[in-house]
Amino acid sequence: MKTVLTATIALIGFFALAESLNCNKCSVGLVGFCLIPSTTVCSNDSANCLTGKATFPSISGFLGFNYQGCGSSSQCNITYNGTMMTTTYIVTQTCCNTDTCNPIQISSDAVCMKVSLTAAISAALVSFCWGSYIN
């Protein structure tokens, strides 16, 4: 009897886990690129994958901040405005409900930014090594 009960509980747990939604998670995103990407399993009360983006219209060329994770239906498909230190910002949140449907990379400009940052760091490293070699 104990074996049947354990198998039943394991089977129920397996189906409950299989029904959970997996979403991309990004707590810190800048200019459309996630700095610390991961995935998360959503709870029943947050059964949507959420993608949010905060932009600052008065700062030209700045793509803003982004975040991903799980969200409730009340957090989906909304836009709101605010002001922080006299600068206006706009937050837009969208949702989807299939596994990892919220993209980690929000903007194609993020790829350019990542390559530029990599090139700058590489150039600095080469310069440092070259300078050490000459001296």
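Only a predicted model underlies this, so the values are computations on that prediction, with no experimental measurement involved.

This paragraph deals with the side chain of serine 72. Along the chain, serine 72 falls in the loop between strand E5 (65-71) and strand E6 (78-84). The class for serine 72 is buried, based on a relative accessible area of 19%. At a separation of 3.0 Å, a polar atom in the side chain of serine 72 contacts the side chain of serine 74. Leaving out residues up to four positions away in the same chain, serine 72 has contacts with Asp45, Ser46 and Asn48.

Within this structure, the stated rule accounts for two aromatic pairs. Here the aromatic rings of phenylalanine 56 and phenylalanine 65 are separated by 6.0 Å at their centres, their planes lie at 80°, and the arrangement is edge-to-face. Judged by its relative accessible area of 37%, phenylalanine 65 falls in the partly exposed class. On the basis of an interplanar angle of 55° and a centroid distance of 6.2 Å, the ring pair of phenylalanine 56 and tyrosine 89 is categorised as tilted. Here phenylalanine 56, found in the loop between strand E4 (48-55) and E5, pairs with tyrosine 89, found in strand E7 (residues 87-96); they are 33 residues apart in sequence, far enough to count as distant. Among the aromatic residues, ring-to-ring pairing joins Phe56, Phe65 and Tyr89 into one connected group.

On inspection of all chains with the given rule, the structure shows five disulfides. When the bonded cysteines of the protein chain are counted from the start of the sequence, the pairing works out to 1-5, 2-3, 4-6, 7-8, 9-10.

What counts and what doesn't
Sequence order as written defines residue numbering, which begins from 1 separately in each chain. Side-chain atom pairs in this predicted model are given and counted only at pLDDT of 80 or more, local residue features only at pLDDT of at least 70, and totals for whole chains, interfaces and linings cover all residues. Here the side-chain values reflect all heavy atoms present in the structure, with hydrogen atoms and water set aside. Helix and strand assignments come from DSSP, with helices taken as H or I runs of at least 4 residues and strands as E runs of at least 2, each series counted from the N terminus. Buried means the residue's accessible area, taken with a 1.4 Å probe over protein chains only, is under 20% of the maximum for its type, while exposed means over 50%, and partly exposed covers the values in between. In protein, a polar contact requires one atom able to donate a hydrogen and another able to accept it; more generally it is a pair of N or O atoms within 3.5 Å, and residues adjacent in sequence count only if both atoms are side-chain atoms. Residues are treated as being in contact if the distance between any of their heavy atoms lies within 4.5 Å. Pairing of aromatic side chains requires ring centres within 6.5 Å, counting the rings of Phe and Tyr and the six-membered ring of Trp. Pairs whose planes differ by under 30 degrees are stacked, by over 60 edge-to-face, and all others tilted. Disulfide: a pair of cysteine sulfur atoms within 2.5 Å of each other.

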